[in-house]
Every structure is written in structure tokens, then in C-alpha cells.
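# Residue-level structural notes
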Amino acid sequence: MGSHARPNRIHRTGVRIAMVAMVGAALPITATGLAQAATPGATHSADDNQDAHRQQAAQKAVQQRAADAAQDLKAQDAPQVKADHAFLLDARDGSQEREMWAGAKADESVSMASTTKIMTALVVLKHPEWLEHGIQVKQEYRDYVQKAGASTADLQTGDTLTVRQLLHAMLIPSGADAALALADNYGQGATQQERIADFVRQMNDEAKQLGLTGTHFDTFDGISHGDNRSTARDLAKLGQRAMLQPVFAEVVKNEQFKAEAPAANGHTRYYTWNNTNTLLSTYDGALGIKTGSGPESGYCLVFAAERDNRTLVGAILNDDKGRFDDATKILDWGFAH
């Protein structure tokens with residue numbers, strides 16, 4: 001048995017040596033093979049990265065061109081008007097509103113001139129029970145118009161007009177004398193100055209309640225004391241809210257209005273007021289709303305029109321004498337969309 005043990009040990013040793021040799025031979029081959037295999041793999045990876053970068057750059061270029069084209073298309077698909085302080089909304093059924101188009105400066109607060117009187121009317125209409133209440137025209141109302149160089153309804157001292165008539169006198173020929181008569185009687189205070197200050201406060205309170213964040217009033221008629229301003233967006237919203245008032249909507253649609261009032265001498269005074277808003281006679285479906293102009297504000301207009309059961313309301317501020325042409329183009333564009 002001893003003679004057989006030696007060859008077995010030799011055999012086992014030989015097997016171990018052979019296995020080590022095989023492993024030793026395999027390791028360099030495997031390492032070399034991996035190194036050789038990794039080299040072309042690394043080359044392909046770099047090429048792939050470059051291709052990916054080129055593809056990404058190309059995609060970005062395509063996306064940028066598409067964005068530029070969309071911007072150009074958007075610019076073309078807009079009212080072609082001079083006014084940039086402009087805004088248009090779709091009033092839907094009157095209780096809702098949807099923005100349709102905003103000019104480049106639709107949210108910039110600027111002077112709004114006599115479009116101020118829209119808010120004056122809204123404050124007055126918070127008390128519809130006083131519409132038939134009579135207010136006597138004071139000489140101060142006429143003096144104010146003359147001193148300020150304001151637009152007038154030519155109210156005569158001593159005449160007694162109802163609140164409803166004064167709303168017509170204020171909104172149709174844009175009478176500052178009528179606006180003063182209303183502010184003087186709807187404000188609270190011992191003096192006219194106090195009453196007017198209180199009325200203007202009511203105007204600002206109403207603006208806050210309506211969410212007109214770009215609007216501030218310092219006057220009842222638009223003759224500013226330095227801080228009477230609004231935005232086209234705010235004024236369009238204000239116009240839309242005002243048109244929900246049946247009395248207001250009825251007043252501003254009139255091209256002309258005639259009124260009779262008891263005069264101080266016991267006779268009857270006859271008034272005829274012509275609307276300063278020429279859209280009423282030139283644009284099919286026009287409903288109003290209010291004009292304004294001044295050295296600081298340029299030419300302003302809050303306008304509305306109805307076609308095919310759709311009501312659009314817009315505003316233009318700081319425009320030139322082409323405000324009615326701009327409003328026409330904006331409305332045409334709106335009804336086409």
C-alpha cells in the first residue's frame with residue numbers, strides 16, 4: 001500500500017500544478033482580452049456622447065425655432081392697433097369674464113381722465129332708491145367747470161334734476177358739473193370739501209372690493225390731483241361690472257338724451273345731451289361705455305359691444321385720436337375669435 005501511496009501523492013501534486021498553470025495562463029489572457037475588449041468599447045462610448053450632444057443641440061435649435069415661430073404667430077394673431085395700454089375681455093353672460101387679449105402695457109397704471117366717472121356712477125347706483133331724488137344745481141358746480149376747464153352738461157343754476165337725469169348728464173356729454181353735483185350730495189360731511197373727500201373714499205373702497213389693484217382715485221370726475229390712475233385691465237373689468245347695472249347700461253347706450261327739469265323761475269328747462277362716444281353711431285352692436293381725454297392721459301375709451309349673444313368689453317388708455325379706430329379693430333378681432 002505504501003508503494004501505491006507515492007504515485008497518488010505525485011498525481012495529486014501534478015494535478016494541482018497543472019491547475020495553477022492553467023489559471024496562471026488564463027489570467028494574463030483574460031486580462032489582456034478584457035483590456036483589448038474595453039478599448040474599442042470606450043471609443044464607441046465617446047462617439048455616442050458626441051452624437052448625443054449634437055442631437056441635443058439640434059433638438060434645442062428646433063425647439064427655439066418653433067418657439068420663435070409661435071411667438072411670431074401670436075404677435076400676428078392679435079389686434080393690429082397703435083394702443084398698447086389696451087385690454088379686451090369676453091363678458092360671457094355678464095356674470096363671468098374671460099381675458100381675450102392684453103396689450104403690452106395693459107397692467108401699467110396711468111391717468112384715466114373722464115373714464116373715472118364710471119366709478120362715480122357705480123357709487124351712486126349703490127343707492128337705487130334715490131334715483132328719482134331731486135338735486136338743485138348750485139352756482140359752485142358751474143364755477144368749478146369754468147375754473148377747471150372741464151367738460152360740461154351746461155347745467156343751469158337753480159334747476160332741479162333727478163339723480164337719474166344727472167347720471168345721463170355725467171355719462172353722455174361727460175358733464176363734470178353733474179359729477180360734482182352727485183359727489184356733493186352722496187358724500188358725507190359738513191362742507192363740500194369734506195363731502196367730496198368722503199365720496200372719493202367710497203370710490204376707492206369700491207375699487208378694492210372689485211379687486212382693481214392697479215386703480216386709485218383722487219377725484220370724482222377725472223381731473224386729477226396727482227394720483228388718479230388705472231390700468232386698461234382694471235377699467236375693462238370696471239366697465240363690465242358697471243354694465244351689470246341696468247340703469248347704467250341704459251344710460252350709456254344713448255347717442256343723444258333729452259331731459260326736462262324745473263327751472264328756478266318756475267318754467268321748464270329743456271336739455272339735450274349728445275354722447276361723446278362715436279362708436280355708438282359707427283359700430284354695429286356698440287353698447288357704450290365712456291370716453292375720456294386730457295393732457296396727461298391722452299385719449300381714453302372704455303367700450304362694449306354685443307353680437308351673436310356675445311358681449312365684449314375693452315379699454316384703451318393713453319391713445320391718440322385714433323382710439324375709436326383702435327377700439328373697432330379690437331372688437332372685430334374679438335368677435336372673430
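A brief look at the structure comes next.

Scoring rules and cut-offs
- Residues numbered from 1 in each chain as written.
- Predicted model: local features only at pLDDT ≥ 70, side-chain atom pairs only at ≥ 80, totals over all residues.
- Heavy atoms only, no water.
- Helix = DSSP H or I, 4+ residues; strand = E, 2+ residues; numbered from the N terminus.
- Contact = heavy atoms within 4.5 Å.
- Areas by Shrake-Rupley, 256 points an atom, 1.4 Å probe, with all protein chains shown as cover.
- Buried < 20%, exposed > 50% of the residue type's maximum accessible area, 1.4 Å probe, protein only.
- Axes fitted to C-alpha atoms, helices over the stretch in contact; angles between N-to-C directions.
- Parallel < 35°, antiparallel > 145°, perpendicular 65-115°, else oblique.
- Left-handed = near helix turned anticlockwise from the far one by under 90°.
- Nonpolar A, V, L, I, M, F, W, Y, C, P; charged D, E, K, R; others polar.
- Core = buried A, V, L, I, M, F, W, Y, C linked by side-chain atoms within 4.5 Å.
- Pairing = 2+ DSSP bridges.

## So, the overall build of the chain
Summing up its helical and strand segments, the chain has 10 helices and 11 strands in all. For the chain, the share of sequence-separated contacts (at least 6 apart) that also reach a separation of at least 24 residues comes to 61%. When the accessible surface of the chain is summed, it comes to about 17900 Å², and 52% of that surface belongs to carbon and sulfur atoms.

## Examining unusual backbone geometry
If you check the backbone angles, Ser 174 has positive phi at about 65° while not being a glycine. With respect to the helices and strands, Ser 174 occurs in the loop between α4 (163–171) and α5 (176–186). For Asn 309, which is not a glycine, the phi torsion comes out positive at approximately 65°. Mapped onto the elements, Asn 309 comes out in the loop between β10 (298–307) and β11 (310–319). Assessed through its relative accessible area of 74%, Asn 309 is described here as exposed.

## So, the packing of helix α3 (residues 139–148) against α5
Following both chains from N to C, one finds α3 and α5 inclined at 130°, their axes separated by 9 Å at the closest point. Judged on the interaxial angle alone, α5 and α3 are oblique. Of the two elements, α3 crosses α5, and the hand of that crossing is right-handed. Residue-level inspection shows Glu 140, Tyr 141, Tyr 144 and Val 145 of α3 in contact with α5, the latter providing Ala 176, Asp 177, Leu 180, Ala 181, Asp 184 and Asn 185. Residue composition of the contact of α3 with α5, grouped by class: 6 nonpolar, 1 polar and 3 charged.

## Considerations on the side chain of Thr 120
Assignment of secondary structure puts Thr 120 in helix α2 (residues 117–124). Excluding anything up to four places from it in sequence, Thr 120 contacts Met 170, Phe 199, Met 203 and Phe 220.

## Observations regarding the nonpolar core
Soluble globular proteins tend to bury their nonpolar side chains together. Counting 64 residues, the largest nonpolar core has Met 119, Leu 155, Leu 182, Phe 248, Trp 273 and Ile 289 as the members making the most contacts within it. Looking at this core element by element, the count peaks at 7 residues for α5. Contact partners of Trp 273, with chain neighbours within four places excluded, come to Ala 153, Leu 155, Leu 161, Gln 165, His 168, Ala 169, Ile 172, Pro 173, Glu 255, Gln 256, Phe 257 and Ala 259. Judged by nonpolar contacts, the second largest core, of 22 residues, contains Leu 279, Tyr 283, Phe 324 and Phe 335.

## Observations regarding the sheet that holds β10
The strand order β2-β1-β11-β10-β9 describes an open sheet built from 5 strands, whose pairing is antiparallel. Where the open sheet ends on each side, the last strands, each with one partner, are β2 (98–102) and β9 (286–294). In this sheet, adjacent strand axes meet at a mean angle of 10° when their direction is disregarded. Bridge count between strand β1 (residues 86–90) and β2: 4 bridges; the pairing is antiparallel. Its bridge partner being in β2, Asp 90 is matched across the sheet by Arg 98.

## Remarks on the environment of Ala 178
By the secondary structure assignment, Ala 178 is in helix α5. The exposure class of Ala 178 is buried, given its relative accessible area of 0%. On a C-alpha basis, the gap between Ala 178 and Val 137 in space is 8.5 Å, while along the polypeptide they are 41 residues apart. Other than its neighbours up to four places away in sequence, Ala 178 contacts Leu 155, Leu 166, Ala 169 and Met 170.

## Here's the deal with the environment of Leu 280
By the element assignment, Leu 280 lies in helix α9 (residues 279–282). In sequence terms Leu 280 and Asn 254 are 26 residues apart; their C-alpha atoms lie 7.8 Å from each other. With residues near it in sequence (within four places) discarded, Leu 280 still touches Val 252, Lys 253, Asn 254, Glu 255, Asn 275, Ala 286, Leu 287 and Gly 288.

## Description of the packing of α2 against helix α6 (residues 192–209)
In contact at an axis separation of 10 Å, α2 and α6 are set at 95° when each is read in the N-to-C sense. It follows from the interaxial angle that α2 and α6 lie roughly perpendicular. Touching Met 119, Thr 120, Val 123 and Val 124 of α2 are Phe 199, Gln 202, Met 203, Glu 206 and Ala 207, all from α6. Considered class by class, the residues forming the contact of α2 with α6 number 6 nonpolar, 2 polar and 1 charged.

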